[in-house]
Amino acid sequence: MAIQKILFASLLICSLIQSSHGAEKERLFSELEKGSLEVTTKPSREGAGVVLDAGIDKISITWKLSSTGSKKEAEFKTIKVKLCYAPPSQVDRPWRKTHDELFKDKTCPHKIVARPYDKTTQSIDWILERDIPTGTYFVRAYAVDEHDHEVAFGQSTNEAKTTSLFSVQAISGRHKSLDIASVCFSVFSVLALLVFFVNEKRKAKIEQSK
């Protein structure tokens, strides 16, 4: 009897997960209201060939309700701002692939900030996080309803995602303090080895003189 109850509960949980998953599948990026938000970015360093350093450089981001307004503004509860991969950084990288089904979409995995909706201009100076991979990026802001479902968006680039892009160089994984410690350890090892050989030579001479 206990086993039957466990099996029934398991089936019920699975069916609930599937139904909720199915509901998510119906939410498509192509059905979101486009251009509802005006988003602009200004990197701390600009110019041809400039590559920003993760963990050091920052992006000044602003967003506000589009000048044309939005038919879905009444549904806006939260604005979620995200860092997104531009097409050049998605080539041959299926884990960054763009999908129309929102639950599958991997374009914008990096969360920047989430704030309650306000139609006036909002801004943030965001330091590129240390774990941001090397790549080319833009910023997108989603308007989310009370059910945490995206209903509209705006982005800092054009629809083809070819303008106002910026490049980021990831941290190499090494830190100056680690390099210094490594050098010190190497020097200490060499000195210790020299002292060992000198002592061994002394011992050999003493043995020979006896």
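Just so it is clear, the structure is predicted and the values come from calculations on it, not from any experiment.

> A description of the overall build of the protein chain should follow, citing residues and the corresponding values.
In terms of regular secondary structure, the protein chain is built from two helices and nine strands. The N-to-C order of helical and strand elements in the protein chain reads α-β-β-β-β-β-β-β-β-β-α. Out of the 210 residues in the protein chain, the part that is buried amounts to 30%. Summarising the internal contacts of the protein chain: among those between residues at least 6 apart in sequence, 75% fall at separations of at least 24. Summed over all atoms, the accessible surface of the protein chain reaches about 13,900 Å², with 59% contributed by carbon and sulfur.

> I'd like a description of the pattern of salt bridges, backed by residues and values.
One pass over the structure, following the stated rule, counts nine salt bridges. When the shortest N-O distance is used, the salt bridge between Glu 150 and Arg 27 registers 2.3 Å. Of this pair, Glu 150 sits in strand β8 (residues 150-155) while Arg 27 sits in the loop between α1 (2-25) and β1 (37-43); the two residues are 123 residues apart in sequence, bridging distant segments of the chain. Assessed through its relative accessible area of 17%, Arg 27 is described here as buried. Close ionic contact of Glu 38 with Lys 64 constitutes a salt bridge, the shortest N to O distance being 3.9 Å. Taken together, the positions of Glu 38 in strand β1 and Lys 64 in strand β3 (residues 58-65) put the pair 26 residues apart, joining distant regions of the chain. When its relative accessible area of 30% is taken as the criterion, Glu 38 is described as partly exposed.

> Give a detailed account of the pairing of strand β7 (residues 135-144), specifying residues and quantitative values.
Where burial is concerned, most of β7 is hidden: ten out of the ten residues are buried. Burial along β7 is two-sided: the residues Gly 135, Tyr 137, Val 139, Ala 141 and Ala 143 and Thr 136, Phe 138, Arg 140, Tyr 142 and Val 144 are all buried. For strand β4 (residues 78-85) and β7, the ladder comprises eight bridges, and the chain directions are antiparallel. Within β7, the residue paired with Val 81 across the bridge is Ala 141. One ladder, built from three bridges, connects β7 with strand β9 (residues 166-169); its direction is antiparallel. Following the sheet pairing, Tyr 137 is matched in β9 by Phe 166. Linking β7 back to β8 in an antiparallel pair, the connection comprises five residues, with Asp 148 at a positive phi of about 65 degrees.

About the criteria used
Residues numbered from 1 in each chain as written. Predicted model: local features only at pLDDT ≥ 70, side-chain atom pairs only at ≥ 80, totals over all residues. Heavy atoms only, no water. Helix = DSSP H or I, 4+ residues; strand = E, 2+ residues; numbered from the N terminus. Buried < 20%, exposed > 50% of the residue type's maximum accessible area, 1.4 Å probe, protein only. Contact = heavy atoms within 4.5 Å. Areas by Shrake-Rupley, 256 points an atom, 1.4 Å probe, with all protein chains shown as cover. Salt bridge = Lys/Arg side-chain N within 4 Å of Asp/Glu carboxyl O. Pairing = 2+ DSSP bridges.

Shape is all these values report; function is a separate question.
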